[in-house]
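Architecture and fold: a report
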Amino acid sequence: MSTELERLAARLREFARARDWERFHTPKNLAMALSGEAGELVAEFQWLTPEESLDLDPATLARVRSELGDVTAYLVRLADVLGVDLVEAANARLDVNDRRYDPELYRGSARKAPPLDP
């Protein structure tokens, strides 16, 4: 994991430890909290046009920034509890998608690629 993510994971770990919250930070609970926070992020964009979503007013941008912080914190905490290196996992997933979505076949297309053969 990158140094910044490692520092954030350590800070989140200490935050939970200082409050005796480790017992609540199970993968199930953290995944559920992450999903809830992602929903709060989505709600900020729910009725905006695509154009409006690209040009947020300062108050909306502040709320979006806060929700992104919550989503990031829960994602990093979940990965830490599970021992998953987020940067490594994201790079591995990008490698898979790089094989699935040939630029010559998918450039400018939103269609879904079939799963890779094992």
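Higher on the page you've got the structure.
For the structure given in this document, a descriptive report is provided here. (Residues numbered from 1 in each chain as written. Predicted model: local features only at pLDDT ≥ 70, side-chain atom pairs only at ≥ 80, totals over all residues. Heavy atoms only, no water.)

Remarks on the packing of helix α1 (residues 3-18) against helix α4 (residues 58-82)
Interaxial distance between α1 and α4 falls to 9 Å at its minimum, and their mutual angle equals 85 degrees. Considering the angle they form, α1 stands roughly perpendicular to α4. Residues Leu5, Leu8, Ala9, Leu12, Arg13 and Ala16 of α1 touch α4, and the partners they reach there are Thr72, Ala73, Val76, Arg77 and Asp80. Tallied by class, residues from the contact of α1 with α4 come to 7 nonpolar, 1 polar and 3 charged. (Axes fitted to C-alpha atoms, helices over the stretch in contact; angles between N-to-C directions. Helix = DSSP H or I, 4+ residues; strand = E, 2+ residues; numbered from the N terminus. Parallel < 35°, antiparallel > 145°, perpendicular 65-115°, else oblique. Contact = heavy atoms within 4.5 Å. Nonpolar A, V, L, I, M, F, W, Y, C, P; charged D, E, K, R; others polar.)

Description of the packing of helix α2 (residues 27-45) against α4
Contact pair α2 / α4: the axes reach a minimum separation of 9 Å and the direction vectors enclose 160 degrees. One way to sum up the angle between α2 and α4 is to call them roughly antiparallel. Crossing hand, α2 versus α4: left-handed. (Left-handed = near helix turned anticlockwise from the far one by under 90°.)

Some points on the pattern of salt bridges
Opposite charge on two side chains lets them pair, provided their charged atoms get close. Taken as a whole, this structure holds 7 salt bridges when the rule is applied. Note that Glu4 and Arg7 form a salt bridge whose closest N and O atoms lie 2.2 Å from each other. Of the two residues, Glu4 and Arg7 both sit in helix α1, 3 residues apart, roughly one turn of that helix. Measuring nitrogen to oxygen at the nearest pair gives 3.6 Å for the salt bridge that ties Arg23 to Asp20. Arg23 sits in the exposed class, given a relative accessible area of 57%. A residue is classified by how much of its surface remains accessible, and Asp20, at 44% relative accessible area, is partly exposed. Among the charged side chains, a network of salt bridges with common partners joins Arg13, Arg77 and Asp80. (Salt bridge = Lys/Arg side-chain N within 4 Å of Asp/Glu carboxyl O. Buried < 20%, exposed > 50% of the residue type's maximum accessible area, 1.4 Å probe, protein only.)

Focus on the environment of Trp47
Inspection of the secondary structure puts Trp47 in the loop between α2 and α3 (50-53). With a relative accessible area of 75%, Trp47 lands in the exposed category. Sequence spacing of Trp47 and Thr3 is 44 residues, and the spatial spacing of their C-alpha atoms is 37 Å.

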